[in-house]
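# Architecture at a glance
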Amino acid sequence: MRLFPKKAYAACRHCTHGKLASEESRVLCRNKGIVDADYVCRKYRYDPLKRIPHRRPTLPDFSPDDFKL
């Protein structure tokens, strides 16, 4: 079993060869130059540290009455 799916995050914004430009819709690629952030080339290598996870949802406020039987 893989820790990270092979194709799930395929985008140049998650590649080891790319670096986000000042516009977040562009990536500075070492191999292809300036490309869209969703572009994927044959030299794509996934870097899990570049992926920004979704934020956790905030939990509702509970009162003590919610926990009484």
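Look up: the structure comes first, before these words.
Residues numbered from 1 in each chain as written. Predicted model: local features only at pLDDT ≥ 70, side-chain atom pairs only at ≥ 80, totals over all residues. Heavy atoms only, no water.

Counting residues in hydrophobic clusters, the biggest one holds 5 residues: Cys12, Val27, Cys29, Val35 and Ala37. When sequence neighbours within four positions are dropped, the list of residues in contact with alanine 37 reads Ala11, Cys12, Arg13, Glu24, Ser25, Arg26 and Val27. (Core = buried A, V, L, I, M, F, W, Y, C linked by side-chain atoms within 4.5 Å. Buried < 20%, exposed > 50% of the residue type's maximum accessible area, 1.4 Å probe, protein only. Contact = heavy atoms within 4.5 Å.)

A few words now on the side chain of aspartate 47. As for its placement among the helices and strands, aspartate 47 is situated in the segment after β3 (33–36). For aspartate 47, which is buried and forms no salt bridge, the nearest opposite charge comes from lysine 50, at a distance of 4.7 Å. Beyond its immediate chain neighbours, meaning those up to four positions away, aspartate 47 contacts His14, Cys15 and Thr16. (Helix = DSSP H or I, 4+ residues; strand = E, 2+ residues; numbered from the N terminus. Lys, Arg positive; Asp, Glu negative; His and termini not counted. Salt bridge = Lys/Arg side-chain N within 4 Å of Asp/Glu carboxyl O.)

Keep in mind these numbers describe shape, not what the thing actually does.
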